[in-house]
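# Notes for the structure review
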Amino acid sequence: MFNAIQIHNDEAGYRSELTQLDPVQLPEGDVQVAVAYSGLNYKDALAITGKGKIARRFPMVPGIDLAGTVTASSHAEFAVGDQVLLNGWGVGESHWGGLAQQARLKGDWLIPLPETFTARQAMAIGTAGYTAMLCVMALEKHGIRPDSGPVLVTGAGGGVGSVAIALLAELGYEVHAATGRPQEADYLLGLGAKEIVTRESLSQPGAPLAKARWAGAVDSVGSHTLANVCAALHYNGVVAACGLAQGMDFPASVAPFILRGITLVGIDSVMRPKDERLAAWARLAEDLSLAKLDAMTQEIALAEAIQAASQLLAGQIRGRLVVDVNR
Ligand code: NDP
């Protein structure tokens, strides 16, 4: 038997609990993994609490990412003993996920754990950090360089935000951090932010065009914040939009697009092709300071993930939560 978080949705209601499962219950897959760590991401918190329609079937084991060791494999690329990691592909949504001591998965979803990282470090980065890297790579692809001008990171105190700040600062960008938690200013400056922007200055309905302040932005917040960020980009500015912490709406105008030539790049991490995943993890291995990763990470035990999910959605978690599924 192994420990897992399991979500039920039946006549007794929607609920998540720590439970014990038999390996024979694991879903189909050609690779079995002894999970070492998972991360607690925004999407996991929505699934665990039921505040978002993330789980597509029940009972579901949540956990959109995991790192661990292969214990059985009929997949050509993976053998017993290999260290692997996984992000997305609907795992933790429609296929049992990483908040468990064991998982059975499609080998095509897995990538080798980069040598630079332990399983714990990889999951401290997790899907939030991998997505932050995809956002930074999108800014680069669209021509935003450190000398282009300041880059804004919204939702700065969260997982995506914290990793994005650390990466951009390491790469030489002048990073501005938008947060609703002024008490975390020292933490954000420690990650490499040069300026703190208040969440309130961006989260209300704004003008179609504003003073041009940023060459680029990484936005994990959406809604009015994303609209205001678009309105305040430099000529030819670029925003990589990956999240909806404020809301899924996008109450914007075309003014910044047709008058300033800005680019809005959508970032999806879930269905990303394998070569782009490998490239993003290779860049994380190069560009992420492990000391900063450590500073933004708190470890919790598997059973603590249920309570932590509510705290994360309430905006009370700073940086990243890594889950030791074996304690
Ligand atoms: P976190 O909860 O760790 O971070 C979100 C941060 O957003 C909070 O810490 C807070 O930062 C800010 N925030 C929270 N509520 C609001 C609000 N009402 N208005 C404005 N800002 C708010 O989540 P993650 O970093 O893990 O994920 C961030 C977003 O990115 C989520 O929406 C998630 O679904 C999305 N995401 C998308 C992916 C993709 O593939 N596209 C992959 C990974 C994440 P502060 O307190 O500093 O203001």
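Just above sits the structure.
Residues numbered from 1 in each chain as written. Predicted model: local features only at pLDDT ≥ 70, side-chain atom pairs only at ≥ 80, totals over all residues. Heavy atoms only, no water.

### Focus on the overall build of the protein
For the record, the criterion: Secondary structure elements are defined from DSSP: runs of H or I of at least 4 residues count as helices, runs of E of at least 2 residues count as strands, and each element is numbered from the N terminus. In this setup the radius of gyration rests on C-alpha atoms only. A globule is expected at 2.2 Å times the number of residues raised to 0.38. Burial classes follow relative accessibility: with a 1.4 Å probe on protein chains only, a residue under 20% of its type's maximum area counts as buried, one over 50% as exposed, and anything between as partly exposed. Pairs of residues are marked as contacts when any of their non-hydrogen atoms sit within 4.5 Å.
The helix and strand tally for the protein stands at 10 helices and 15 strands. At 20 Å, the protein has a C-alpha radius of gyration in line with the 20 Å of a compact globule built from 327 residues. When the backbone C-alpha atoms are referred to their principal axes, the protein occupies close to 60 × 45 × 35 Å. The proportion of buried residues among the 327 residues of the protein is 55%. Intrachain contacts of the protein at a sequence separation of at least 6 include 70% that bridge at least 24 residues.

### Side note on the packing of helix 2 (residues 119-141) against helix 8 (residues 274-287)
Two quantities define a packed helix pair, namely the angle between the axes and the distance from one axis to the other. For the record, the criterion: An axis is simply a line fitted to the C-alpha atoms; with a helix, the fit covers only the stretch in contact. Between two such axes, the angle follows the N-to-C directions and lies from 0 to 180 degrees. For this classification, under 35 degrees means roughly parallel, over 145 means roughly antiparallel, 65 to 115 means roughly perpendicular, and everything else is oblique. In this classification, Asp, Glu, Lys and Arg are treated as charged, Ala, Val, Leu, Ile, Met, Phe, Trp, Tyr, Cys and Pro as nonpolar, and every other residue, Gly included, as polar.
Direction vectors running N to C along helix 2 and helix 8 enclose 100°, while the axes themselves pass 9 Å from each other. Comparing the axis directions of helix 2 and helix 8 gives the class roughly perpendicular. Contact with helix 2, carried on its side by Ala122, Ile125, Gly126, Gly129, Tyr130, Met133, Leu134, Met137 and Glu140, involves Glu276, Arg277, Ala279, Ala280, Trp281, Arg283, Leu284 and Asp287 of helix 8 and no other residues of that element. Considering only residue class, the contact of helix 2 with helix 8 consists of 10 nonpolar, two polar and five charged.

### Some words on the pairing of strand 4 (residues 65-73)
As a reminder of what qualifies: Here a strand pair is declared whenever DSSP counts at least two bridges between the two strands.
In terms of strand pairing, strand 3 (residues 31-40) meets strand 4 through six bridges, oriented antiparallel. Bridge assignment links Tyr37 to a residue of strand 4, and that residue is Ala67. Bridge analysis of strand 4 against strand 5 (residues 83-87) gives five bridges, and the strand direction is antiparallel. Along strand 5, the bridge assignment pairs Thr69 with Gln83.

### What about the site of the ligand?
Where we set the bar: A molecule or strand has a residue near it when one of that residue's heavy atoms lies within 4 Å. Side-chain atoms alone can form a polar contact between residues adjacent in sequence; in general such a contact is a pair of N or O atoms within 3.5 Å, and within protein one must be able to donate a hydrogen while the other accepts it. A 1.4 Å probe and the Shrake-Rupley method give the accessible areas. Residues count as covered only by the protein chains that appear here. The pocket and cavity definitions rest on a 1 Å grid over protein atoms only: a 1.4 Å probe that fits but cannot leave marks a cavity, an open set with protein on both sides within 12 Å along at least five of seven lines marks a pocket, and residues lining either have an atom within 4 Å of a point. Think of it this way: a molecule belongs to a cavity or pocket when more than half its atoms come within 2 Å of the grid points there.
The immediate surroundings of the ligand are formed by 24 residues, with Gly157, Thr179, Gly180, Arg181 and Ser269 found nearest. Here an oxygen atom of the ligand and a backbone polar atom of Gly158 are 3.3 Å apart. In this structure, a nitrogen atom belonging to the ligand sits 3.0 Å away from a main-chain N or O atom of Cys242. Protein chains bury 88% of the 920 Å² of accessible surface belonging to the ligand in isolation. Its atoms largely coinciding with the cavity grid, the ligand occupies the largest pocket. Elements represented by at least two residues in the shell around the ligand include exactly helix 2 and helix 3 (159-170). When grouped by side-chain class, the residues that make up the shell around the ligand number 10 nonpolar, 11 polar and three charged.

### Brief notes about the environment of Lys194
Residue placement: Lys194 occurs in strand 10 (residues 193-198). Taking relative accessible area as the criterion, Lys194 reaches 60% and is therefore assigned exposed. Ignoring sequence-local partners within four residues, the contact set of Lys194 consists of Glu174, Val175 and Leu189.

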